[in-house]
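# Analysis of the macromolecular model
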Amino acid sequence: MRLYGPWVLPIQNKPYLCISESGLPRRDSCRPYAMRYASPSPRLLSRLLCTLPQKLTNLQFQVRERVLKEARCWLTEYLHSARAIPFSHADSIVSNAPFSLSAFVAQIPFPPSVVGVDLKRIFRRFLTYHPLNEYDFFFESIGLPPSSSSSTAVSAYPSDFLSDDGLLLATASALVHYGFPWTKLGLLYREEPRIFSSGSDKLIPRLLTFEARGFHRACIIGICLAFPSALSADADPGGEIDHLFQYLNKVFLDFDLSQSVPENNVDIFLQVCRNIRVFYDLDSRKGTMRELMCKNLRKIFLELDAALIAQKLKFFINLGMEASEAGHFILKHADIFNTDLENPSILMPEYLKSIGLKKDNVATLSRSFPYVMGKNKLGNLPATLKAMNLHNWFLGKILNGNLQYLSPEFILTSSHDTSSEKRFRHGLERLKSARMNLFLDKKVEFLLSIGFGQNELTLRSASALQGPNDQLQGRFDCIQGLGIEYSMVCRMVNTKPIILKQCKNTFREKVDFLCNDMGFSLDYLYHFPAFLCFNLENRIRPRYKMLNWLKEHGLLNKSFSPSTILTYSERNFVTTLYRLHPAAPKQWLERHSYRVDRDGNQISLFSSRPVPKDQA
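First things first, this report covers the structure right here in the doc. Here the residue index of a chain counts from 1 through its sequence in written order. Side-chain atom pairs in this predicted model are given and counted only at pLDDT of 80 or more, local residue features only at pLDDT of at least 70, and totals for whole chains, interfaces and linings cover all residues. Calculation of side-chain values draws on the structure's entire complement of heavy atoms; hydrogens and water are dropped beforehand.

### Some details on helix 30 (residues 536–552)
- Only protein chains enter the area calculation, which uses a 1.4 Å probe; residues under 20% of their type maximum are buried, those over 50% are exposed, and those in between are partly exposed. Here a strand is any run of E in DSSP of at least two residues, a helix any run of H or I of at least four, and the numbering for each starts at the N terminus. Of the residues making up helix 30, those classed as buried are Leu536, Asn538, Ile540, Pro542, Arg543, Tyr544, Met546, Leu547, Trp549 and Leu550.
- Nitrogen and oxygen atoms within 3.5 Å of one another constitute a polar contact, given that in protein one can donate a hydrogen and the other can accept it, and given that sequence-neighbouring residues count only through two side-chain atoms. The opening residue of helix 30 is Asn535, an N-cap whose side-chain oxygen sits 3.0 Å from the backbone nitrogen of Glu537.

### Considerations on the packing of aromatic side chains
- Two aromatic rings from Phe, Tyr or Trp, using only the six-membered ring of Trp, form a pair when their centres are within 6.5 Å; if the ring planes differ by under 30 degrees the pair is stacked, by over 60 it is edge-to-face, and anything between is tilted. This structure, assessed with the given rule, holds 26 aromatic pairs.
- Aromatic pair Phe110 and Phe123: ring centres 6.4 Å apart, planes at 90 degrees, arrangement edge-to-face. Taken as a pair, Phe110 in the loop between helix 4 (98–106) and helix 5 (119–129) and Phe123 in helix 5 lie far apart in primary sequence, 13 residues in all.
- For Phe110, a relative accessible area of 11% translates into the label buried.
- Among the residues examined, Phe123 registers a relative accessible area of 0% and is labelled buried.
- Between the aromatic rings of Tyr524 and Phe528, the centroid separation amounts to 6.1 Å while the plane-to-plane angle is 65 degrees, which identifies the pairing as edge-to-face. The same class applies to Tyr524 and to Phe528, which are both buried.
- Just above the ring of Tyr178 sits the side chain of Arg217; from NZ or CZ to the centre is 4.1 Å. By definition, being over a ring means that NZ of Lys or CZ of Arg is both within 6 Å of the ring centre and within 35 degrees of the ring normal.

### A look at the layout of surface pockets
- One number sums up the size of the largest pocket: a volume of about 690 Å³.
- In terms of lining, the largest pocket is formed by 29 residues, of which the most central are Lys314, Gly379, Asn380, Ser449 and Ile450.
- At 6 residues, helix 24 (residues 440–449) tops the list of elements feeding residues into the lining of the largest pocket.
- Along the lines of polarity and charge, the residues of the lining of the largest pocket split into 11 nonpolar, 9 polar and 9 charged. Using protein atoms alone on a 1 Å grid, points that fit a 1.4 Å probe yet trap it form a cavity, whereas open point sets bounded by protein on both sides within 12 Å along at least five of seven lines form a pocket; residues with an atom within 4 Å of a point count as lining. Grid points are joined across faces, edges and corners, and a volume is the space filled by probe spheres set on the points. When residues are grouped by polarity, Ala, Val, Leu, Ile, Met, Phe, Trp, Tyr, Cys and Pro land in nonpolar, Asp, Glu, Lys and Arg in charged, and all others, Gly among them, in polar.

### Some points on the environment of Ser561
- By the element assignment, Ser561 lies in the loop between helix 30 and helix 31 (562–565).
- Its relative accessible area of 26% is what places Ser561 among the partly exposed residues.
- With 37 residues separating them in the primary sequence, Ser561 and Tyr524 have C-alpha atoms 10.0 Å apart.
- A polar contact is formed between the side chain of Ser561 and the side chain of Ser563, at a distance of 3.0 Å.

### What about helix 28 (residues 504–517)?
- Between its first and last C-alpha, helix 28 extends 19 Å over 14 residues, near the 20 Å set by a 1.5 Å rise per residue.
- Within helix 28, the full set of buried residues consists of Thr506, Phe507, Lys510, Val511, Phe513 and Leu514. For helix 28, the angular spread of buried residues about the axis comes to 155 degrees, placing them on one side. The exposed set on the far side of helix 28, more than 90 degrees from its buried face, consists of Asn516 and Asp517. What a helix should span is 1.5 Å times the count of its residues minus one. Here, the arc refers to the directions that run from the helix axis to the C-beta atoms.

Printed below as a string of structure tokens:
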């Protein structure tokens, strides 16, 4: 496939956008003589295609902008005249749904040349046989993702016509007339869809009761968008909602926060309320953070966003703090918001020495956890300390007033071993070239995020991992959720990284069999993590069924550990059975030596017929 390069992409409501071969937008005009044939890389091609809502392969790129513009105008008029939707709402629905508009245009069979063609006639003819799904446009226009949230929401409606659902449209109209931005109504629908089924007769009086509490309109809109439960049909005005507005009354009115924000600026009020909600969700019942919040109003809530506050909270929660305790801590130490807790680099074991550990202890930790040593980011420090069981000790240091341990100035004072970093980078590039693994950097990033350092053991583990980072993290969390300590899971991943190739249900089934059927504790995985690598149905369960049969007949006089019985090859296992009793191999080969296919059927190794279930 060959494309013109630099690539010219028509963007909605904007002139043509030039994309250079490096993938960056260009501001200069797109002249025909400046174009040339080029073959973009797959990564660049996917980036370019994602910039368009929908690939309009049925149109030449020179006319796409004009066709989209006319389609937008015609659909607006169609929704207004044919579907009896108010023109302002119809314009908001179509203008704010570029993905749905492009998907609509992409389905129309245009003639080879649309110059001089009556486009309105083509649109009208297409809708005659292909009804327009107006809900797709509506839900995308209010801010829901077109590929996920809208499809889920639309599935609840039997009809494709928005005008058939008068309650939904009337509620949206009432909210917009009150002052809610049309494109932000999705914030309400995503969290409390029942708002749009309650009707405006209950919604507007509830908003007026909020005004009676002393809040002006823009402030109420920001509160409702950040706390959609305030408008929920099931909300109790005298219970949770009353508690919420008492909480906000202290922040907004008693400490004059509302005076710091222009009365008509809904976006700033929404940002402030989102920041407040981060702490309110941690402290909604006790209310002990309210005074601390008021002391840092302008510094935290007007200058920062909720994502940054959540990042700081996550850092200390990962260190071992309770969520509410972390909220109190960062409010008491507001300077943390000016500290970069993500990007500064730390070096193990030098960092351990600089925070007060003795040399003998550091040497012991280096021998016990060699996969943790090396360079890493400060943002991964909680995971690194948890991998060595030092997070509680370090948290005590921080709570005792040693916040300087997290400052970039303190971290930079410790020496950085540039030679080990160069060796790591060289080994990474060599491994990437040898295995042709384009995603090796992502695997290394995952291992660093769970506490590993930049060293040879990390490279060895990264080369054995498979799957995207979110799946690897989910499997790692699943193993930890079974009751295994964090440091133990890290050691298991270092010893046998292929355990993260399995699905979560497999982990649960194997651990359940180990503890309940075999009678071992989870601590056994500390000594034999390879247990999780063996197939449960084809190796673990059949062999232990055979051992149980030997026990029932009094033929087994000694116990076999899993590390012994599972690591035997098939030949060695049969030889061991023969030593126990000459008839044991025949019993094994006839009743227990089988494999489970993809459909769950048990197939004998020595017969093509399935093994009867009563003999399995």
